[in-house]
Amino acid sequence: MSFMWAKESPSHTRLKETKVELNRQRTLTATKDLQLQSDTAKLLQAVNRRHQEAELEAELESAGSTHNEELQEHQSQLKEKHQEEMIRRLLAAEDEERRALQEEFLQSETASVRLLRDA
């Protein structure tokens, strides 16, 4: 029995080459797909991070604005209290001056009355 090793036919060789090329292309496609998935995940993370940063920045700006408004309100209240205190002191000083003038007037009147009485 003699075995004849038959040479592969050209179509069979092309089929093998095509299968090898197909496997190579599948591997390349799978690698690119994995890279695309990884890049997409990184991009989504970056977008989410930027969105969170924008939200935090908006909150910080709002808090700063609120704080400024509160400070202005407090400053206004302090100014009003200061003005009220200054008016109260001014009125007290005027009352004191009026009493001093009245006392001086009464003393001078009394002295005048004594002079007239003595005369």
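It should be noted that the structure appears before, not after, this text.
Residues numbered from 1 in each chain as written. Predicted model: local features only at pLDDT ≥ 70, side-chain atom pairs only at ≥ 80, totals over all residues. Heavy atoms only, no water.

Draft legend 1. The arrangement of the overall build of the protein in detail. Of regular secondary structure, the protein possesses 1 helix and 0 strands. Against the compact-globule benchmark of 14 Å for 119 residues, the protein has a radius of gyration of 51 Å, which places it well outside the compact range. Across its three principal axes, the protein shows a C-alpha extent of roughly 180 × 20 × 10 Å. In the form shown here, the protein has an accessible surface area of approximately 11800 Å², with 57% of it arising from carbon and sulfur atoms. Both charge centroids of the protein, one from 18 positive and one from 24 negative side chains, sit 20 Å from each other. (Helix = DSSP H or I, 4+ residues; strand = E, 2+ residues; numbered from the N terminus. Rg over C-alpha atoms; globule rule 2.2 N^0.38 Å. Areas by Shrake-Rupley, 256 points an atom, 1.4 Å probe, with all protein chains shown as cover. Lys, Arg positive; Asp, Glu negative; His and termini not counted. Charge placed at Lys NZ, Arg CZ, Asp CG, Glu CD.)

Draft legend 2. Examining the pattern of salt bridges more closely. Applying the stated criterion to the full structure yields 4 salt bridges. A salt bridge links arginine 88 to glutamate 85; the nearest nitrogen and oxygen atoms lie 2.5 Å apart. Linking arginine 88 with glutamate 85, this pair stays in helix H1 (residues 10–118), spanning 3 residues, or about one helical turn. As a salt-bridge pair, glutamate 85 and arginine 89 come within 3.1 Å of each other at their nearest N and O atoms. One end of the pair is glutamate 85 and the other is arginine 89, both in helix H1 and 4 residues apart, which spans about a single turn. Of the residues examined, glutamate 85 reaches a relative accessible area of 27% and is grouped as partly exposed. Its relative accessible area of 51% is what places arginine 89 among the exposed residues. Three or more residues are tied together by salt bridges with common partners; here these are Glu85, Arg88 and Arg89. (Salt bridge = Lys/Arg side-chain N within 4 Å of Asp/Glu carboxyl O. Buried < 20%, exposed > 50% of the residue type's maximum accessible area, 1.4 Å probe, protein only.)

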